[in-house]
Amino acid sequence: MIKKKIKKKIIMALAPVVLIGAVVIVIVCALVTLDFFGTNETDGYVEENEAYAEDYKNVLNQNIKYGNGYVSLSRILYFYLEDDQLSFSMIYSDNLDKETKKQKPISEVCEMPRYKSMSVCKTEELSDSSQSDEDVIKPFTAPLKISNMNVTSFFMEQRTVYGKFDVHEAWDLSSPNNTPVYSTCDGEVIQVKFPYSENKIDTSGGGGNQIKIKCEVDEDTTYEVWYAHLYPKSSKVKEGDKVKQWQQIAEVGTTGYSTGPHLHYQVSKDGSTVDGMSLIDFTDTNSETFVKPPLEPYNGLNPNLNGNYPNFNGYTPYQP
Ligand SMILES: [Zn+2]
């Protein structure tokens, strides 16, 4: 009887401790899920990416428009967050296969002397990461001649435009007005919407003049590609048309919710947006040869914050 009473007392005393412990575990799990503890790579894109956006766009523009190939921010930060002595451009270059112009499988990068001993290259870290170890298929070509374009916003970039915060689920490629826009794939035109007859910004105007093309790249994979802010009356296609890769469909403009001439290039698959740049094959010879000397690196100025539009040989950086 006495023993039973003691037992009951111990249970009563421990109950709050167990309860508090359980609550703490639940809260910590919830915070981890909500990425409370800082930057996290989730399925190839990086949350909380404002701090890296300008440096990343700089390195993108040193590479993409010269046709070197594409490396994701998630891949760069995978190494940079362990060793911030590494530069973005060094990591970018180390992660590109110079021949295929694709991002290397992660295990191949981890064999390089610079990365070999890093803890992110340990087997268990690699298997827990979202970094791909597969050879990726690139069914698309570029929507603009790539030496004509300047990346002003990358996929899933967190930014503020006209005072409003958004996560940009597309690529913004600035290029002069009337630059030809091409279909990235063989497909069917499913929407041609050209309500603007003047090439001007309308901050309540969404995508402005726009075209949507559906591309079935194989029997399991269909993409929908959205081209927005197009130049008035520039559409070369109509709804229901079949188009070929590299067929010109329209011209760059600045109609709708835009801050200057650029193409908003957005890709979705099964109703969700995906990284359109990761689908582009940079070895495609139509992408143009890169004979121009390098332009000044993108300097990261955000005209939406300071009203200053720097000029890069006619390119106006940073448009929604
Ligand atoms: Zn955009």
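Rules behind the numbers
Residues numbered from 1 in each chain as written. Predicted model: local features only at pLDDT ≥ 70, side-chain atom pairs only at ≥ 80, totals over all residues. Helix = DSSP H or I, 4+ residues; strand = E, 2+ residues; numbered from the N terminus. Buried ≥ 20, exposed ≤ 12 C-beta atoms within 10 Å, placed from the backbone. Contact = placed C-beta atoms within 7 Å. Core = buried A, V, L, I, M, F, W, Y, C linked by C-beta atoms within 7 Å. Domains from an automatic or database assignment. Expected span 1.5 Å × (residues − 1). Bend = angle between axes of the 7 residues up to and from the residue. Pairing = 2+ DSSP bridges. pLDDT = per-residue confidence, 0-100.

### Structural notes on the overall build of the chain
Stage number 1. When helices and strands are tallied, the chain shows 8 helices and 14 strands.
Stage number 2. When the 320 residues of the chain are sorted by exposure, 37% land in the buried category.
Stage number 3. By sequence separation, contacts in the chain at least 24 residues apart represent 70% of the contacts at least 6 residues apart.

### Details of the environment of Pro143
Stage number 1. Tracing the backbone through its elements, the reader meets Pro143 in the loop between α7 (123-128) and β3 (150-153).
Stage number 2. Filtering out sequence-adjacent residues up to four positions away, Pro143 remains in contact with Val181, Tyr182, Thr184, Tyr227, Leu263 and Tyr265.

### With respect to unusual backbone geometry
Negative phi values dominate among residues other than glycine, just as trans dominates among peptide bonds.
Stage number 1. Notably, Lys101 is not glycine yet its phi reads approximately 60°, a positive angle.
Stage number 2. Among the secondary structure elements, Lys101 is positioned in the loop between α4 (88-94) and α5 (106-109).
Stage number 3. A positive phi angle, near 50°, is found at Tyr162, a position not held by glycine.
Stage number 4. As for its position among the elements, Tyr162 is in the loop between β4 (157-161) and β5 (164-168).

### Focus: the nonpolar core
Taken as a class, soluble globular proteins show a tendency for nonpolar side chains to be buried jointly.
Stage number 1. Counting residues in hydrophobic clusters, the biggest one holds 57 residues, and the most contacted among them are Ile76, Trp171, Val181, Ile211 and Tyr227.
Stage number 2. Of the domains in this structure, domain 1 (41-128) and domain 2 (146-287 + 299-306) are the two that each give at least three residues to this core.
Stage number 3. In this structure, Val181 is in contact with Pro143, Leu144, Tyr227, Leu230, Gln248, Ile249, Ala250, Glu251, Val252 and Leu263, ignoring residues within four places of it in sequence.

### A closer look at helix α2 (residues 50-63)
Stage number 1. Compared with an ideal rise of 1.5 Å per residue, which puts 14 residues at 20 Å, α2 spans 20 Å between its outermost C-alpha atoms and is within 8% of the ideal.
Stage number 2. Approximately 25° is the largest bend angle found in α2, and it occurs at Tyr56.
Stage number 3. Buried within α2 are the following residues: Tyr56, Lys57, Val59, Leu60, Asn61 and Asn63.
Stage number 4. If you follow the buried residues of α2, they end up packed against α3 (73-80), α4 and β3.

### Details of the pairing of strand β13 (residues 262-269)
Stage number 1. Burial analysis of β13 places 6 of its 8 residues in the buried class, which makes it a mostly covered element.
Stage number 2. Direction of pairing for strand β6 (residues 171-174) relative to β13: antiparallel, over a ladder of 4 bridges. Along β13, the bridge assignment pairs Trp171 with Tyr265.
Stage number 3. Across 6 bridges, the pairing between strand β10 (residues 221-228) and β13 is antiparallel. Bridged to Glu224 within β13 is Ser268.
Stage number 4. Two elements, β13 and strand β14 (residues 272-274), share 3 bridges in a ladder whose sense is antiparallel. Paired with Val267 across the two strands is Val274, which belongs to β14.
Stage number 5. Between β13 and β14, which pair antiparallel one after the other, the connecting turn spans 2 residues, and Asp270 there sits at a positive phi close to 50°.

### Points about the environment of Ile280
Stage number 1. Tracing the chain through its elements places Ile280 in the loop between β14 and α8 (303-306).
Stage number 2. Note: C-alpha distance between Ile280 and Pro143 (137 residues apart in sequence) is 8.9 Å.
Stage number 3. Setting aside its immediate chain neighbours within four residues, Ile280 contacts Tyr70, Lys138, Phe140, Thr141 and Ala142.

### Things to note about the confidence of the model for the chain
Stage number 1. Of all residues in the chain, 75% have pLDDT values of 70 or greater, and the mean over the chain is 82.
Stage number 2. Low confidence marks residues 289-320, where pLDDT is under 50. Its contacts with residues over four positions away, or in another chain, come to 62 contacts.

### Things to note about the environment of Gly205
Stage number 1. Mapped onto the elements of the fold, Gly205 is located in the loop between β8 (187-193) and β9 (210-218).
Stage number 2. With 16 C-beta atoms packed within 10 Å, Gly205 lands in the partly exposed category.
Stage number 3. C-alpha separation for the pair Gly205 and Ser258, spaced 53 residues apart in sequence, amounts to 8.5 Å.
Stage number 4. Ignoring any residue separated from it by four or fewer positions in sequence, one finds Gly205 in contact with Thr255, Gly256 and Tyr257.

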